[in-house]
Structure formats: C-alpha cells, structure tokens
Amino acid sequence: MTAISGRSTRARVWVAAVLVGCATAASGSAHEVTLPGLRDTVEVLTPETAIPTIVARNELDAAFVQGYLHARDRFFQMDFNRRLASGTVSELVGPAGLSNDIELRTLGFRRAAWQTYAASSASTRAQLQAYANGVNAYLASHPLPPEYGALELTMAEPWSPVDSLAFAKLLAFSLSDDLIEIDLTIALATYQGFGSAIGFNGAALFFEDTWRIAPPDDRVSAPGFLASIGGIGQKSKGLAKAVPEIGAKRLAAARALRERIRGNPYLNRLLESGPEDLGSNFWMVSGAVTDTGAPIIANDPHLSLDTPPVWYPIHVSVADDSGPIANYAGVSFAGAPGIAQGCNANLCWGSTVNPIDEMDFFFEEVRVNNLGLPTHTVYQGQEEPIIWIYQSYFANQLDGMMDNIEQVNIGIDGGAITFVVPRRNNGPVLPVGGQFVSVQYTGWGPTFELEAFQDMRNATDVFEFQQAVTKFDFGSQNFGVADTAGNIAYFVGGELPIREDLQTLNAPDGGIPPFIIRDGTGTLRHEWLPVQNPQPNQAVPYEIMPAGETPQVVNPATGYIANGNNDPVGTSLDNNPLNQLRPGGGLYYLSSGYVAYRMGRIDRLLQDAIAAGPVSVAQIKAMQANNQLLDAELVMPHLMTAFENAAQPDAWPGIAQFAADPQIQQVMGLFAGWDFSTPTGVPEGYDPGDNPFALGAPTASEIDNSVAATVFSIWRSQAVKNTIDATLSAIGLGDNLPPSRIAYNSLKHHLDTFDANHGVGASGINFFTNPQAPDPAAARDFVLLASLRQGLDLLASDEFAPAFGNSSDVMDYRWGRLHRIVFDHPLNDIFSLPNGLYGLVTTPGLPGVARGGGYEAVDASSHSSRADGLNEFMFGSGASRRFVGQMFPTGTVAEQIIAGGQSGVIGGIEYANQLYFWLVNGYLPLLLDAAVVDQIALSRQVFQPVP
C-alpha cells in the first residue's frame, strides 16, 4: 500500500493517552437531579471522552434523558434546525431569514412532519413525547445558550414531537433532493435552441459532450446485480436522439424557478453548483480475509462540517430486573431520540447517500382567479382543486429590545399563501414566470425513518436489519451492516416511484427523462403509477420498485462490499440510465448520475489489500485517511503525454515552448514522482498521524507531494475552463455551463476518447481548438500545457500573494496554504472554529486550518474543479464521523470520531474536544459495555423521578 503521509509513524502518544486515561480514570462522584416526568431512576456516566452513557430501566426514560442531554449540550443547534425546517428561522435570526422561511414553508417539511406524527405507531409517538419532555425539562431549569443573548432573546419555544420529525424531514431532503433537475432542464432546452439556430445537435452537446451522466470511473458496489434478478440491457437510440424539444415557454418557467431558488440561501447550495461533497463512504470486509477472522466495517458520512457538529455521540443501556432491553452506541442527531449510525451487541451499521430519483418537477396547466392566483390544476382535461394554506410570518427585530418579535407583511403572491396539489403527494405548486411548476416528492407524506432506526438498533443480525430497512422510506440511503455471526451485507433504504411512461414504454413524445421537468397534464403519461403491488412497510401511496429489485449484496464471494455514492449496479456506465429493463418489464431506472472517484480509490485499495492479505483494522483506518487523488492518477497520463510530445525534436513550436520552460520541467519532474497524496506540506498543517497538540515540520517527500497537489489542482481548473467552458462560451452558452463535477467528467471523457474522436464531440463541436496547430493532437497538447503555464502564473499572482507572497519558486506552493477549513457556526465567527479560543494552529492572513485532502478524495474534503482563487480550495463538508468496527463472536470492538465537540455551548473544552483528533484521523473508543463505562467514568449524574 502506498504511504499516505510521511508523518504516519510520528507522535501517537496522544492516542495512547486517551485510551490509558479511559482505562485508569477514577470513578467520579455522583450528584442527583429530580425531574418530573421520569418513571424510574436514570444514571448518566461520562468518561474522559465526554460521550455520555445513559443507564435506564425503560426506553421512555432513556429517550427523556437523551432529550435532556441534547438540550444541555446542543439546544441552539436544535432550535435553529427545527426553525429552518418549519420556516420560522426569522423569528430567531431576524428578517434576513425570511427568504428561507417562505420557501421552506412552501415546500412543507413541517406539514409532512405532522402527517408522519399522525400516522406513527403509538410506541414511536411515546418515544418522541418522552424525548420532548426531556428537552423541556432542561429548558425549564436552565438558562439559554449564549447565542440567544446575541440575538436579544430570553426565551425559546418548548420542544414538541413534531419538531423532531420536521428536522428529520429537512435532513433527508438535503441528502436526496433533485433540484439539479432545474438546471438540467434549462441547459438542455438552451442547448437545443442554440443547436437549431446555429446548426449543431444541441441534445448531443448536452447528453454526450458536456452534461454527461456516465461516471469517470467504472467501479460498482454490486457487480452483476441486475442480471441476477432477471433484468436485462436494452439497445437504445441514446438519450440525445430520444428527447424532444422542450420549448421556449417552458424554458422561461424553468429559468424563473432557478432564480427563485437562488434567492434562497439554503436551497441554492442544493442546486449542485457548489463544491459540497455531501455523500459518504462505507465498506465491509469479510472475516474470511481479515487477520482475526472477524468482519470489519468502516463508515464515514459526509455532511456539512459546521460548529457544533451534526452528530452527537451517545451510548444507551436499558435493562430492568428481568434482563437487558436495549443496548446501543453510536451517533444521534441533536433533535431526535435514538441513534442513526452505530452498534448494538450483535451488529454495527453505517450508511451512504443513494441518490435514487425520488422527486419530479411538473409543468402544470393551471386555472387562476381574477387575482392571478391558482385555483385548479388540469389533468387529462379535468380541473382538480388546489388547496390553499394561509401563512403568517414573524421576525426578530434585533433593535436593542429583548424578545421583540413582530409580524411581517408578506404579499399574497409572495408567500402568504401556499398552494398544494393533492395529485403530487400534497406537494406545492410554485408560480414562476407566469407559469406554474409543481414538486412531487416521496417525502411530502407520512414516512417512518425514525421507526426504521428503532428497529435497526434492536436487530440481532443482518437479516433482521434488512427488515428494518424496509421502513426507511425517503432520503434514500445505502446501508452497510456487519454482524457478530460473520455476515456482511448491503441494502438500500428508500422508496423509488414507478413512472407510467418508463413502465409502459409508450410515451407519446418518445420520452422525457424523469430528471428533466415533466408534463403534469397527463398527456405524456408522466405520472407516478398508483399502488398495484404493495411492498412490505410501504409508506408512499404510489407504485414503488419492489424491495427485491433494489441493489443489495449479502456475503459476496469477493470478500468485501463498498460504496461511495457511486452507481451501485452500473446502469449509468454507458451514459444512459434509461436503457435497462426490469425483470417484469419497464425500465430499470435508479438515478441520473453518481460520483465515482472515492469509490474508485476504495475499491482499488480493498482489492490490493485482500490480494496481499490478510486485512487488518490498521489498514482499514489507513484507507479511511487516504487522501490520494484518483482523478489525478487517471488524468495525469494525458498531461504527461502532452509534455513528452512537446519535448520531441520535431515538436510544433507552439508546444515546444512549454517543454523548454524550466518551471514546467520542474513541475513535470514532481508529477513523475507523485504518489497522488495531498499532505499539507506546512508546519501548521494537520495531516494523518500527527500529534494535534504538537505539530511538526513536514518531510521532504511531503513537501514534494504537497506542491504537486497544488499545481495539479490549479491545472485542473484551468484545463476545465480552457476546454469545456471556453468551447461553450464561444458558441453563446457561457451562462449554461455544467456544474463543476460534471464539467470535469466531460473533460476527462474527451481526453480518454481523443484517439478515436480527435477532440470532436458527438455534437460535431471540437473541444481542443487552436487554429495554428498542425494537427488535433498538437491542439490538445497546447491546451493542456498552456493550462499548466496559466496555473503557475496564477499561483505567483497577487490573488495568491497571501499564501505564496508572489513567489515564482514552485516549491513554495504548499497545498496547506490553500486547502483549509473553517467550521462555521450559523451566527458568526465568534462561535466558529478556529476562533482563537481553542489552540488550533492557523496561518496568519489565511482563514481556517490547513488539512490534507482534495478533489473527491476518500477522506472527503472536496472543492470545485474550477477553483482558482485564494479561498476557493477551501472545503466545508466531509467526514462528519469516522467509524471502524470489528465484529467478533464475543462482541464488537469499535472506534469513532466526530468533527467537532460534544457540546455546542462555547467556553468549555468540550466545544472542540474531538476536533483535535479528527483533524489528524484519530479515533476514540466506542463503548458498548455500561459496566466498563462505570469503572472509568469521571462524572456521574443520577436523575430521579418526583417522589
């Protein structure tokens, strides 16, 4: 295995100190608290890690105390998230939150939460109420966190069970939304229009040349799955030949919809136009290939890396006189009971986002009243009533008066009325550009993810876990699980609707892909089919893909399972996700696109490790810390070829100049020795294996690799801009460029197919043009090498002077000067990290802390492929939790870490206590034995019911 850091063997004293401290700490003294609402005594044990263990005699008391602890440590985070989901955040942060409130209330997460609460089981409602009672018990006897003083507030609304569900709905939406359908529609329609006017195939330019669906690497999680269930491939004309013209009227509506969403800070970042890497990795290795004979599971979910962190680690042990009732540990969401990822005595599980297509947008034919407000949609010629919901908005005035929250006047056409379409699963219809677009989504109705998590944490093996997954209805996830019986498995949670035209294959227009805004009138048969074959625990009131057809693997012969938000079964590898057939007929359609490089690296590492065998936990941890750039490894040969061509004696002078450039010669030498890792290369950088409390100087090899990472990353951006962006801009499409990831994938496609196509796409447009070049290869080489020269010039420019001081010395271009992170708080920099209070090492004049990683690295820390500014290589999402567990027949040995602190209350060390270890890829023990925690607890708190 390639070394990931020259400092990987240094200074591990801090790891030993944590573990020894946990093993030798004296038991702390107890203090008691009496709480109305408890049924029995509950004890909370807290070891040096600050991760609490709740010891209770019934599950309702455990939920109560979990709510109490969440409120103690994270109430502002909880309050902000519930208000964001409910469309009342302006009551907290002031009028600046109104645009969020209007759009999120229009979408209706709280409406959906009420429906879920009404449909939930009695036991789930009881858990939610007990949790809410615990939150409110804390609020009744303690002051609010310091953020409220800054917001001129002295009181907060009590917590309710629906608050937990509303937050859960919003979180699931943020992981599964299909807002990119808006940009896809606009780009396709625009390309078609320009193609008709100028004389090229606009659909081919879109589907084949620039907004490609095919991933840049071909690794899948379940090879051969579709064939194994009786599905088959179907010969197709291809998307570019099948999609009809969208038309100017609908294009205008789509553009108006995009502008409406861009005016909303929260929704805008979900358009997939930014550098966010919201996804995850997991992999499970069979005991047949490990050094202990026990399976190993690893998981690192990628979410926004904010302050406080999204996860709250916790351990819950419930037992009465008759014996154990529940015992689980892992990470919870502050705002909901239980855990979402973790372990019980029999198994451990993790998850990654599975971007199945759970949402459709529809152009609706609408009847309006004299005020222009919609009253009915028209379906198959029949008018269907629209439901009106009147809204009132309030905002914190922030005028020096405490608790001054006043009503805000919003126009009737600006959000004061929400319009709901029953046909669309009670989704909203949005007035845009004089037209109306509705949003149909599996999450608008009752769904039961919290019940699924309850069953997961109580499952005894992977097969019971599989049954629990059937209750996970939306916000689709891939679940990886390993049990103490030696099983490893992968299942998909989430209900995928079956569209009429995709199932019957008789769309009148030849078919509009479901990732393009569709027709809502019924004419084109774009509807979600009514339920015909109900599935176990189905929630969505439409026909869904049967559980047996969703991707899944149990105990594969390969000895491992992995997923990194990649195409799980390969339906998109040929650039057409709509040419596979289900076993019973109809198209087997999952999604319109996936990421690939993280899975590509993971898959290669696992195969190499298993071939060398046996696999150890240490190797798995090293894989989780891997920051080698697979994109660089796969694309670099093209750049090296260009340089070799330029160095030939008879090379065209246009490229020969680059081969003679001393800086480029130096850089190409660094590239030749680069292992594609991305160490910071600076003394203040946090790299895997470092001592976070005593950072050391980088080694010579780290510096070389760091410089190579910097120069390749700036080259990447210039290459994308000089090919995909420049070509589209030259024909008038500069306002409709593909998002960062898709543009770069398209560049790689044109490089990989250059020998056959000479840079000319399916549209007939050339992406490597140079009128002076003697042949297409020379033109390509010029673009690639000129991009490198431009990148080096940029690094020496004033833009990067705060990092590199206008230096032209290539060896000054250390990656850690650019690849930095700030752990943002929703209010301001006082609460964000670093902030000068917690000893994090920073570089003067540069925000954030330096970390290794980069574009779609396994240790997720991505940025835009177009990044070419001082702060554009920073990242704000990544491994929000790292977890590794080994499943022995006698129990689980596991470790985890979160990207922040246990407490969200600024001032104490627990505000950042795990962040130091997270920055250097360290771990803390995940403890499942309450007796062990009892021995090492530094503090204990006893909660008593009212006598």
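Here is what the cut-offs are and how they apply
Residues numbered from 1 in each chain as written. Predicted model: local features only at pLDDT ≥ 70, side-chain atom pairs only at ≥ 80, totals over all residues. Heavy atoms only, no water. Axes fitted to C-alpha atoms, helices over the stretch in contact; angles between N-to-C directions. Helix = DSSP H or I, 4+ residues; strand = E, 2+ residues; numbered from the N terminus. Parallel < 35°, antiparallel > 145°, perpendicular 65-115°, else oblique. Left-handed = near helix turned anticlockwise from the far one by under 90°. Contact = heavy atoms within 4.5 Å. Nonpolar A, V, L, I, M, F, W, Y, C, P; charged D, E, K, R; others polar. Buried < 20%, exposed > 50% of the residue type's maximum accessible area, 1.4 Å probe, protein only. pLDDT = per-residue confidence, 0-100. Pairing = 2+ DSSP bridges. 1 Å grid on protein atoms, 1.4 Å probe; cavity = no way out; pocket = protein on both sides within 12 Å on 5 of 7 lines; lining within 4 Å. Points joined across faces, edges and corners; volume = space filled by probe spheres on them. Core = buried A, V, L, I, M, F, W, Y, C linked by side-chain atoms within 4.5 Å. Salt bridge = Lys/Arg side-chain N within 4 Å of Asp/Glu carboxyl O. Disulfide = S-S within 2.5 Å. Polar contact = N/O pair within 3.5 Å; in protein donor to acceptor, adjacent residues only side chain to side chain.

1. Some details on the packing of helix α5 (residues 109–119) against helix α8 (residues 161–176)
Packing of α5 against α8 brings their axes to within 8 Å, and their N-to-C directions diverge by 120°. Considering their axes alone, α5 and α8 lie oblique with respect to each other. The handedness of the crossing between α5 and α8 comes out as right-handed. Contacts between α5 and α8 involve Phe 109, Arg 110, Ala 112, Ala 113, Trp 114, Thr 116 and Tyr 117 on the former and, on the latter, Pro 161, Val 162, Asp 163, Leu 165, Ala 166, Lys 169, Leu 170 and Phe 173. Along the lines of polarity and charge, the residues of the contact of α5 with α8 split into 11 nonpolar, one polar and three charged.

2. Examining helix α15 (residues 449–458)
Of all 10 residues in α15, eight are buried; the element is thus mostly enclosed. Within α15 the residues assigned to the buried category are Glu 449, Leu 450, Glu 451, Ala 452, Phe 453, Gln 454, Met 456 and Arg 457.

3. Comments concerning the confidence of the model for the protein chain
Residues with a pLDDT of 70 or more make up 95% of the protein chain, whose mean pLDDT is 93. In this model residues 1–28 is a low-confidence stretch, pLDDT under 50, and it forms 68 contacts with partners more than four residues away in sequence or in other chains.

4. Here we look at the pairing of strand β31 (residues 881–888)
Among the eight residues in β31, seven count as buried, and that is most of the element. Sheet topology note: the strand β6 (residues 296–304)/β31 ladder contains four bridges and is antiparallel. When the bridges of β31 are listed, Ala 298 appears paired with Val 884. In the sheet, β31 pairs with strand β32 (residues 891–898) via eight bridges, with the strands oriented antiparallel. Following the sheet pairing, Arg 882 is matched in β32 by Ile 897. Following β31, the chain reverses through two residues before pairing antiparallel with β32.

5. Some remarks on empty space enclosed by the protein
In this approach, a probe sized like a water molecule rolls over the atoms, and the result shows the empty space that is left. Per the stated rule, a full pass over the model turns up 11 cavities of 30 Å³ or more. Taken as a whole, the second largest cavity holds about 390 Å³ of empty space. As for the second largest cavity, its lining consists of 31 residues, and the residues nearest its centre are Leu 171, Phe 333, Ala 340, Phe 453 and Phe 472. Elements with a contribution of two residues or more to the lining of the second largest cavity: α8, β5 (279–285), β6, β8 (323–333), β10 (347–353), α15 and β21 (477–483).

6. Remarks on the environment of Cys 348
Topologically, Cys 348 is positioned in strand β10. Placed 248 residues apart in sequence, Cys 348 and Ala 596 show a C-alpha to C-alpha distance of 25 Å. Each residue touching Cys 348, except ones within four places of it in the same chain, is listed here: Ile 297, Gly 342, Cys 343, Gly 480, Val 481, Ala 482, Phe 883, Met 887 and Thr 892.

7. Notes on the nonpolar core
Counting residues in each nonpolar core, the largest one holds 193 residues, and the members touching the most others are Ile 54, Met 456, Phe 465, Phe 671 and Trp 674. It is helix α2 (residues 59–86) that provides the largest number of residues to this core, a total of 13 residues. Residue contacts for Ile 54: discarding those within four places in its chain leaves Val 42, Glu 43, Val 44, Ala 62, Val 65, Gln 66, Leu 69, Ile 314, His 315, Val 316 and Ser 317. Ala 222, Cys 343, Ile 498 and Ile 561 belong to the second largest nonpolar core, which has 29 residues in total.

8. A short note on the pattern of salt bridges
A pair can form between side chains of opposite charge whenever their charged atoms are brought close. In total, this model carries 41 salt bridges according to the counting rule given. Here Arg 716 ties to Asp 631 by a salt bridge, and the two come within 3.1 Å at their closest N and O atoms. Note that Arg 716 is positioned in helix α23 (residues 700–730) and Asp 631 in helix α20 (residues 630–646), a separation of 85 residues in sequence. You'll find Arg 716 and Asp 631 in the same group, each marked buried. Where Asp 725 meets Arg 866, a salt bridge forms, and the shortest distance between an N and an O atom there is 2.8 Å. Here the residue Asp 725 occupies a position in helix α23, and Arg 866 occupies one in the loop between β29 (849–851) and β30 (877–879), the gap between them amounting to 141 residues. No difference in accessibility class separates Asp 725 from Arg 866, as the two residues are buried. Through salt bridges with shared partners, a single ionic network connects Asp 79, Arg 82, Arg 83, Glu 91, Arg 110 and Asp 163.

9. Thoughts on unusual backbone geometry
Residue Pro 614 is reached from Gly 613 by a cis peptide bond, and omega for that bond is -15°. As for its placement among the helices and strands, Pro 614 is situated in the loop between α18 (597–612) and α19 (617–624). Residue Pro 834 is bonded to the preceding Leu 833 through a cis peptide linkage, with omega at 0°. Take Pro 834: it is sitting in the loop between β28 (820–821) and β29. Of note, the phi angle at Leu 398 is positive, near 50°, even though the residue is not glycine. Turning to its location among the elements, Leu 398 is positioned in the loop between β16 (393–396) and β17 (405–408). Residue Leu 398 is classed as partly exposed on the basis of its relative accessible area of 35%. Its identity as a non-glycine residue notwithstanding, Phe 676 has a phi of 70°, on the positive side.

10. Comments concerning the state of the cysteines
The full count for this structure, using the stated rule, is one disulfide. Here Cys 343 pairs with Cys 348 through a disulfide, and the sulfurs are 2.1 Å apart. Looking down the S-S bond of the Cys 343 and Cys 348 bridge, the torsion is 105°, so its handedness is right-handed.

11. Digging into the side chain of Thr 210
With respect to the helices and strands, the residue Thr 210 is situated in helix α10 (residues 202–210). Here the side chain of Thr 210 touches Leu 205 through a polar contact of 2.7 Å, landing on its backbone oxygen. Dropping the residues within four chain positions of it, Thr 210 is found in contact with Tyr 191, Leu 205, Ile 724, Leu 728, Pro 738, Ile 742, Ser 746 and Phe 767.

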